[in-house]
Amino acid sequence: MTHRNLIIFLVIILYTFFHLSEQTPPASRYADLDRNCSRGWFSCKEGLLWCVLDEWVCDGDIDCEDGSDEENCDHTDCGPDSLSCAGRCVSYGLACNGAMDCTNGADEAKRLCNTGNTCPYFGSHCLTNASICVAYQQLCDGNPDCPDRSDESTDCEELLEPGYTGFRLCDVLSCEHACTFLPDGLPTCYCPPGSILYNDTKCKSANICNLTKPCSQTCKHTSGWEFTCSCVDSFFVNPLNSSHCLIEEGSIFQSSEPYLIAASDQQIQSFNIDGQRQRSFSSSVARILPTVDYNTHTAYWISHPKSGPAKLVNASLNHLKETETIELPYSIDNCQISVDWVTGNIYFLNTKDEHIFVCSVAQPISCISLLQQNKPATLLEMTLDAYAGYIFYFEHGAYSKVNRLDMDGTNYQNIVKISMSYAQGLTVDPYGERLYFFELHSGCIESVDYDGKFRTTHFCYKKKPNMFEAAFFNDSLYISENKKLLSRLQLWEPYPSLQVLANTSAIETLRVVHPLVQRTVSHVKCRHMNCQHICLIGSTKRVGTCFCRAGFILNNDSRTCIRPPSEDVYLLVSKGHPGEIKGIPLFHEPQEHYSPIVPIENLKGPRGLDYYGDTNGDDWIIYSHIGEYEIKAHRIRDGFSQVIFNQSVYNCEGLAIDWSNGNMLWTDDGYKTINLASLAPLGVRSPGHGPPFLRKVLVNGVTSHPRAIVVHEARSVIYWSVWEPIETPQTNYGKIETSWMDGSHREILYTGSDILWPNGITVDTLRDVIYYTEAFYDKIEAIEINGKIKTTVISGTGNQFGHPFSISLFEGASKDNTLQGRYLFVADYRSGLIYRYNLTSNRSEPVILHREKPPVLQVIVFNPLFRAGHSACSEVMCTDLCVSIPTYPHYKCLCPNGASITADNHTCIDKANYTTVPSCAEQQFQCDNGICIVKKWVCDGDNDCHDNSDEKIEMCAKKNCSDGWFLCSNSSVCILSRWVCDGESDCSGGEDETPGVCRGRSCPTGQFLCPSGLCIPDIWRCDLDDDCHDGFDESDNCTYASCRTGVEFSCLSGRCIALEWACDGEDDCGDGSDEEDCSVTTTPSTATKCAENEMQCSNETSLARCMPSRWRCDGDDDCPDGSDETGCRESIT
């Protein structure tokens, strides 16, 4: 029976015996009692005691008089390392971690967790001093061990007094081993050393090593509660704390001096282990995350040039300035990296795309995706332990948490719940297998083991840093706070405190460099398995397993990769984050690592999408690449990529193929045009050689925003959607327009007040029906091609759609013929959902086929057999372009831009004195090779045109830099003024960092000029921080404001700190003056005044603190001196 319940039950017995009649009242006597118990309490069915704590329900004890708290309970007999609660077993390692793993909260009960340590398993803490734990055997033994003698209370007399004749409470418990009294006066059963109590009276054996994890590395249970801590090779037991391990002096690694690498968006710095700066050099990087592979003695980081994509860079640890660039198939913008020192692979976490992937850096380079979030959550931090085979990452969303993933992408597990807060500074101890992190809301540095158990708080800040980076080494954490302060926390200390090592310039990331940072693994064979694509390890597959990149499967030899059997029909999907085009089955969720095609990856906004079969029998995916202002073709057979147009393409939103004539049609929202081009050169033309792709503007002056386009080959007409912004007058509506394939006979098929954002469009050529998505009103509409009958196919009133964007039609059946009919496939831009809708079923509802991370841009059914057709163009000879038309002779020869048709209506000739329309938009620059780039990239020192035409000396020499820009004299390149005198040479000749420029420069308004030329904000002057790095901003001329009496404490340095931070055991001033003369009693003028709902701690050795009154006598020492728990025994009595 539980302790508190026992006392309550005995009170009831005594009350009944002395004050009630001898006849027991019937149960019905209590039927009218109000049994509405408060939250956290269980309502008993019958009896005088009607409310008991929820945590007492199904705990094996009858607490309600009628036993209703133990009805319908599964009383599982748990093993020695688990707690039995509410019919399930929960590891003791999950107890007191802030998360209720027992449904009744028994694992977080105060009786188990109120000491903050392992005392409840072995004994009890003193009543007024929770730091002292007295073993059960020493309670009531006649020898006081607590300073307040609470371990020898008057309640012990029944155990100590010979011939005691009073009522014996211990006899009621019927303990299996022995009974004693706790300092709060309650009786309890206890067990011999090596056993723990369960069901309040019985004992079961327990392994102390599994119960409390007392050792930092290896623990061996000997007998009772005895254990021995030991260390792995190259470590020895810390003589100052025998449960911790330090690097062994004289080991093979001792000669390798450890040091710290700190990196920012400006430079890489190195410090020795005590914080003394060793060297630094500038590098164009951002959140660099240097990571080291000791097998190759190589450092890796992500470099961010001031224009262009991020790049993976590596260098020898001895020559960090001599870098090499590794080209990867994935974009690594917004990425963090970690090296797998076992296989040599690099792991990436993309914080924008919520994507974790891994790449081999040995040739040939292969990358595979491990985790891609399809839910609204953000991945922010990542670290890994290659010895254990785990990735750890922080996910912030509706419920923030730290998750664990095997390094081969399997076995996902949530191990830490962070509520709505953030975790930063994830770092691992690979020898003790613990994960350390900073929890932003509490301001505490915490750790858990790799299963999320034994959550421990090591240190809590009073002033929470808003940026936190950490690296574990030699039983210490090296910490960067707020990007500037470098500190060390020695975890082996009984009460760890921060030791400030250095004040530095901005630190984005921090790493320790030493061979023992990476635990050696001998059993992995990846480096010798000759995997064709990539070899990965996991927590269980420790030897190594070959994996294939998307679109391939592993061959029978478990080493090489092959394409799976091809499918005739599937769905092509393009998406934005990460940008890629992939294939998925039409009628079922795709299997893991399976794709009908090899995905086209590393794209920037693949919007327009269709496919085409050339005369050689090859299938091509045609798509617009909006981020690169181009239209490209991708051959499915071998992945060969070919640029069709990279000029005069500004914003191609929609694209369609006229298979009968081998033409491509597309919309351009930038130029407001409908365009035509021949695909005849596909597979024949190489860049600069062979026949060109001929093109023609069919329709000019499309008002508003042309979006999707579709071809009705049987009718020889095209249809496109035009959407209107909300801001336009209500008389301007969206519309569906049409014309012949030559651009003539243009007309509006439909417009009206019920159409505003028509996005996707498709056509049923057999039934002459057009289907389109209406993204503003969230519905799917159908309209006959004569424009007379329009119906709503799917209404968004049931919240099926958030933003229907793209649509495609398929008529046929699944391979097993279980599904057949006419189907619409719809992509929702915002949710990332892809729906399938059966048009032939009257009661059909949209079925979710697949989920991708939004935005999903296009879906189209890949079905080449359906596209086969015949055209009159195949029987005539047009010199340039040919299209079908609805009337005789059913074809028409067209000429590309700049040419005209001759009298024979088949031959094109160039127009005399023809002036081409500028092929680039007004805000673009046209390169000599025809590529269009953003104008601001011209003369910026980067070869953005790829032919250097944007950096011609004769052009850039005449350039005047705009306000806010600086002209590099040697190269005539303009750089941002804020890059001048920032410690990094941005001009090729370094003239932006010369003494003449920096000493003679002036700073913008609101900034202060340092002697070095560095400009700092005025508010940084005289703030007691050396921001100029030479003390100039903190000169003798500084006058520091006096501190507010009764509110702030004045440090000797002149700095003001909060009054309650003085004499709190921490050096907040930085010069120790706030911790001097702390033995003096606080005067009333400086004493803290508490609010009405607060109590004041009576600490005579430091400034008194205020605590919530409800914390008084709750069993926890909240005041440093325990004064909030003084005298509680008397009040309870």
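All of these numbers come straight from a predicted model, not from anything done at the bench.

K.L.:
Could you give an account of the sheet that holds strand 34 (residues 468–473), naming the residues involved and the relevant values?
P.N.:
One open sheet holds the four strands; their spatial order is 34-35-36-37, and the pairing between them is antiparallel. The two strands at the open ends of the sheet, each matched to only one other strand, are strand 34 and strand 37 (498–503). Geometrically, the sheet is characterised by an average inter-axis angle of 25° between neighbouring strands, direction not taken into account. Here six bridges tie strand 35 (residues 476–481) to strand 36 (residues 485–490), and the two strands are oriented antiparallel to one another.

K.L.:
Quick rundown of the side chain of Arg-434? Include the residues and the values.
P.N.:
Relative to the assigned elements, Arg-434 resides in strand 31 (residues 434–439). Buried and without a salt bridge, Arg-434 has Asp-449 as its closest oppositely charged side chain, separated by 5.5 Å. Looking at Arg-434, its side chain comes within polar contact range of the side chain of Ser-447, at 2.9 Å.

K.L.:
Which residues make up unusual backbone geometry, and what are the values?
P.N.:
In this model, His-577 is joined to Pro-578 through a cis peptide bond whose omega is -5°. Following the sequence through the fold, Pro-578 ends up in the loop between strand 43 (570–576) and strand 44 (579–584). At the junction of Tyr-888 and Pro-889, the peptide bond is cis and its omega measures out at 5° in the coordinates. Its location among the elements puts Pro-889 in the loop between strand 67 (881–883) and strand 68 (892–894). Unlike most non-glycine residues, Asn-602 shows phi in positive territory, near 60°. Although it is not a glycine, His-890 sits at a positive phi angle of roughly 70°. Structurally, His-890 is set in the loop between strand 67 and strand 68.

K.L.:
I'd like a rundown of the sheet that holds strand 64 (residues 833–838), residues and numbers included.
P.N.:
Strand order in the open sheet made by the four strands is 62-63-64-65, with antiparallel pairing throughout. The open sheet has two free edges, formed respectively by strand 62 (804–813) and strand 65 (847–851), since each of these has just one partner strand. Averaged over all pairs of adjacent strands, the angle between their axes in this sheet comes to 25°, without regard to strand direction. The pairing of strand 63 (residues 820–828) with strand 64 spans five bridges and is classified as antiparallel. Within the sheet, the bridge partner assigned to Leu-824 lies in strand 64 and is Tyr-837.

Cut-off values and rules
Residues numbered from 1 in each chain as written. Predicted model: local features only at pLDDT ≥ 70, side-chain atom pairs only at ≥ 80, totals over all residues. Heavy atoms only, no water. Pairing = 2+ DSSP bridges. Helix = DSSP H or I, 4+ residues; strand = E, 2+ residues; numbered from the N terminus. Axes fitted to C-alpha atoms, helices over the stretch in contact; angles between N-to-C directions. Buried < 20%, exposed > 50% of the residue type's maximum accessible area, 1.4 Å probe, protein only. Lys, Arg positive; Asp, Glu negative; His and termini not counted. Salt bridge = Lys/Arg side-chain N within 4 Å of Asp/Glu carboxyl O. Polar contact = N/O pair within 3.5 Å; in protein donor to acceptor, adjacent residues only side chain to side chain.

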